[in-house]
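# Notes for the structure review
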Amino acid sequence: DVLVDVRGHRLAYAFEPGTARDLPRIKGADRGQAPPVGEPWGEDVVAGIVLHEAIAARPWSDQIQIIDVSNHRNPKRGLVLRTNGCSIVWGRSPDDPSPSEVPTAQKIEYLDYYVREFGDFDEHCAGGEFDARPDMLIQSPGSVILDRSR
């Protein structure tokens, strides 16, 4: 695992894979774009950093284990937030909005509401996924929302 700064420039320090648990993890970067130390990584890593900055202050952000950028340019998927057992399809980078997706603030509002009403993502997602891109938060059919009122 390599370390990058807030602008996506590769730093000299590296970690053994999986040991930098307290730092945000961006996975799926184009390895063909791996730059020399001091040079910028690429659009996919920058998109992951921008997304991390957008969600970092949210009370649920500590549940996010990985920001997956492997489909960052795929309009059918985009960026994906991953917890221990749930995927949250985010879509385009917050700095690259599209009329085909709701704005970043609305996506954050959806996720805030979900956590406030139902609790942790992993508690209810059961290996499924949420899609935050359309005009409502959509939960995949394989996910289960448990009724906590009983």
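Note that this is a predicted model, so its numbers are computed, not measured. (Residues numbered from 1 in each chain as written. Predicted model: local features only at pLDDT ≥ 70, side-chain atom pairs only at ≥ 80, totals over all residues. Heavy atoms only, no water.)

### Considerations on the sheet that holds strand E7 (residues 129–131)
Strand order in this open sheet of 6 strands is E3-E4-E5-E6-E7-E8, and the pairing throughout is mixed. The strands lining the two open edges of the sheet, one partner per strand, are strand E3 (26–27) and strand E8 (138–139). In this structure, E7 lies alongside E8, joined through 2 bridges in antiparallel fashion. By the bridge assignment, phenylalanine 130 is partnered in E8 with glutamine 139. Strands E3, strand E4 (66–68), strand E5 (79–82) and strand E6 (87–91) of the sheet are contacted by helix H1 (residues 43–55), whose axis makes an angle of about 55° with E5. Seen against the sheet, helix H2 (residues 104–118) touches E6, E7 and E8 and runs at an angle of roughly 160° to E6. (Pairing = 2+ DSSP bridges. Helix = DSSP H or I, 4+ residues; strand = E, 2+ residues; numbered from the N terminus. Contact = heavy atoms within 4.5 Å. Axes fitted to C-alpha atoms, helices over the stretch in contact; angles between N-to-C directions.)

### Details of H2
The terminal C-alpha atoms of H2, which comprises 15 residues, lie 21 Å apart, in line with the 21 Å expected from a rise of 1.5 Å per residue. Next to the buried residues of H2 lie H1, E6, helix H3 (121–125), E7 and E8. Among the residues trailing H2, glycine 119 stands out with phi positive, at a value near 95°. (Expected span 1.5 Å × (residues − 1).)

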